[in-house]
Amino acid sequence: MSIDGIRVGAASRQRRCTALLAAGVLLPLPVLAGCSSSSSEEAAPRQAVVPQDVASAARGQLRGGGTVRWAIDAVPVTLNTFQSDADAASDRIAGAVLPALFTLDERGRPKRNPDYLDSADVTEREPQQVVVYKLKRAAKWSDGRALGAEDFAAQWKALSGRNRAYWTARNAGYERIRKIEQGHSPQEVRVTFAKPYTDWRSLFTPLYPKAVMGTPGAFNDGARKTLKATAGPFALKDVDGTKGRGKVTLVRNTRWWGERTKLDSVVFKAVARDRRAAALSAGELDVADIDRSTVEKIQAAARPKSGNRSEKGGDARQAAHHGESLAGALRSAHAGPTEALRAWARAHGTPRERDAERARRAAAARAGNLRGYTVRKSLEPAYTQLALNGASGPLADERVRRAVARAINRQAIADAVLKPLALPAQPLGSHLLMAGQQGYQDNSAALGSQDTEAAQALLSSAGWRREGGADLPKAGGKAEDRRNGDDTAEERDEKKKQAREEHGEKKDEKKGEKRDGEKKAPEKRDEEKQAKKDREKRDEEKREGARKDDGEKRDGEKRDGEKKGSAKEVGPGGSRAGSADVHAVRKDGKPLVLRFVLPTGTGAEPLRTVGDRISAMLEGIGVRTEIVKVKDDSYFKDHIAAGDYDLALWSWPASAYPATDARPIFAKPQPAADGSLIVEQNYTRVGTDHIDQLFDQAVSELDGAASRSLVRRADARIWAVAGSLPLYQRPQLVAARSNLANVGAYGFATPRYQDIGFRK
């Protein structure tokens, strides 16, 4: 597929790394942290793991039965997770109804799933890698057939990439397999690899029956709305794609050989993100991913209300009053219909009073429903990044990218996003692993910490300077003050001087009034106004003189609604251009302006807030931003994937298998025969041969520690080329019924659906 000459080719096949919505010229590299192959994982500083928050409870504490209504964004268009249009709901459903040979613990480590496997081991490394899986004898598909080698072989052939008739989204790892055969028993599966593969545990999860994988027709169309066979704790009952009220219903699998599910059923209901607060208030959901505003509503409902006693007393008094009025109405009924109607109105209140009472009772009911939920929170296995498009323009120069990256105070951004949620606010130090994951190491030193002077020096070396040799504002000076929302030192001195002048002028005015008592009051007021205007004009001219851009004339008038150091809107499309008071750097007479593309949807408000902060930080080094707001549905396809941006914000999911899953995100773009560029998923278009080589070595290294060391070295190089700046790990916020256990903010961990249930 080609988008404006950029081919997102067949190599872009890792749907596991689809971006979340929410999606150069080299210098000598600095000494890179974590680049020594002798560095050990023990030497890397450990970072505390944010635990999952799932209201853990032993199975004996849960009652049997019940249904959980679980919010999803939309009914999935396919139940085949290996197709390009599969989504998070596809994965969620597959996790409950299909075999997962390896699951993840809360640190993102793959663990053998004892419900399906008695063992799985690398039994040979030379001359070829061989993995032997021993399946549980009781493991059977819902049609009664045992899981076996024929299912493994069908999935391998479908996903190997050799048969283009299969419309697959990814085949990483499967293309390395040479053959699959049955071992010494029907429960033993022997997989031989043509090339060594460190991430072999990622394969065959989920595992589909051969009825789905056996032919291109079955693969492409046979598992979009139904599954011919399942083998999980739950079974698929129904898929209702009705617009506005779609749902997917799962019921207990009566053929399940493992521990019996506590729930009778799980209903995944399609509820848009902006409707979840209302759905929770109405009691229509039991589990839902939520945003910060909904968290605040649930927390507010849980707080005890002051004055409840008096409010109840007021209700009682009002009821008594209505009773007396009603009795009076009955006594006066003989007075005629008009008087009776008036008495009835007094008894029941005016229409406005009745509407207000109904609204009050409805609000109380909604708050009562919200009090039945608890907010579960952790850190999601995903991170938000600032992407710098290095394909062309100023950011094609690595020095400019590094300057932009080093101007950003990542700690301040992490604080703003995570601290209000009482989550640890620490900037992420890796593109490839999350804090607490095995092998995690902060490699950001390869780029360098936030440093305004260093950023200015990098811009200067790339030819971006203030004309006339004027220096950019220094760290801790005017730009730093402005980023913190404070007046600059120069402006503070100016204000003090102005206050002294005003104080002296007021004294002079009083003396003048005594000497010239014949002046009329209106004339004195006019003179005072004119004097004030003159002072304001002088002060504004002084400030403009300090801010003006290499002599360029400014109008000197303060614009309505414009903040110092903020971007202003221009153009019909919601664009925002850098404000006039930026100390812009120039090259060949042109200012350095970067197009910062952001989505407009209500769910993207946190991204826009972060974008505003970044724009203010960049002004401190003389870089202007033109903020362009685009619709959510076109943000990724028409702008990010097409390369139509300079700066952008989006999130990438983390992976337990970074050597496999992260490679297409950071692979060096390659020219195609038709002149287009194959970018895979590297939408920043920044990469090097060395990074590719490190990934290739890591994925082929069967020693786990050695492979993780190579991944860390690749990450350090990614930091150094500055195509992507990780900002923070995303918060994971889930509303769950307070009496519901073993569900919530899972973090990295794989849900164990059979253990979800209501407390006794």
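As the structure is a prediction and not an experimental result, all values here were calculated from the model. (Residues numbered from 1 in each chain as written. Predicted model: local features only at pLDDT ≥ 70, side-chain atom pairs only at ≥ 80, totals over all residues. Heavy atoms only, no water.)

Draft legend 1. Spotlight on the overall build of the chain. Helices and strands together make up the secondary structure of the chain, namely 21 helices and 27 strands. The proportion of buried residues among the 760 residues of the chain is 48%. Total accessible area on the chain is roughly 35700 Å²; 49% of this is exposed by carbon and sulfur atoms. (Helix = DSSP H or I, 4+ residues; strand = E, 2+ residues; numbered from the N terminus. Buried < 20%, exposed > 50% of the residue type's maximum accessible area, 1.4 Å probe, protein only. Areas by Shrake-Rupley, 256 points an atom, 1.4 Å probe, with all protein chains shown as cover.)

Draft legend 2. Expanded view of helix H17 (residues 632–640). Those residues of H17 lying buried are Ser634, Tyr635, Phe636, His639 and Ile640. On its buried face, H17 is in contact with strand E20 (593–599), strand E21 (624–630) and strand E22 (647–653). (Contact = heavy atoms within 4.5 Å.)

Draft legend 3. Structural view of the environment of Gln83. Within the secondary structure, Gln83 sits in the loop between strand E4 (67–72) and helix H1 (88–97). Considered as a pair, Gln83 and Tyr166 are 83 residues apart in the sequence and their alpha carbons are 9.4 Å apart.

Draft legend 4. Spotlight on the packing of helix H10 (residues 398–406) against helix H12 (residues 452–461). Closest axis-to-axis distance for the H10/H12 pair is 8 Å, and the angle between their directions is 160°. With respect to their mutual orientation, H10 and H12 come out roughly antiparallel. Handedness of the H10/H12 crossing: left-handed. Residues Arg399, Val400, Arg402, Ala403 and Arg406 of H10 lie in contact with H12, whose contacting residues are Ala454, Ala455, Leu458, Leu459 and Ser461. Of the residues contributing to the contact of H10 with H12, the split by class is six nonpolar, one polar and three charged. (Axes fitted to C-alpha atoms, helices over the stretch in contact; angles between N-to-C directions. Parallel < 35°, antiparallel > 145°, perpendicular 65-115°, else oblique. Left-handed = near helix turned anticlockwise from the far one by under 90°. Nonpolar A, V, L, I, M, F, W, Y, C, P; charged D, E, K, R; others polar.)

Draft legend 5. Molecular detail of the sheet that holds strand E10 (residues 188–193). The strand order across the open sheet formed by four strands is E7-E8-E10-E9, and the pairing between neighbours is antiparallel. What marks the edges here is a single partner per strand, and that holds for strand E7 (117–124) and strand E9 (177–182). Sheet twist, expressed as the mean angle between neighbouring strand axes with direction ignored, is 15°. Here strand E8 (residues 130–135) pairs with E10 via five bridges, running antiparallel. Along E10, the bridge assignment pairs Val130 with Thr192. Contacting E8, E9 and E10, helix H2 (residues 149–159) runs over the sheet at an angle of about 160° to E9. (Pairing = 2+ DSSP bridges.)

Draft legend 6. View of the pairing of E8. Of all six residues making up E8, five are buried, and the element is well covered by its neighbours. Alignment of E7 against E8, held across six bridges, turns out to be antiparallel. Within E8, the position partnered with Ser119 by the bridge is Lys134. In this antiparallel pair of consecutive strands, E7 and E8, the connection spans five residues.

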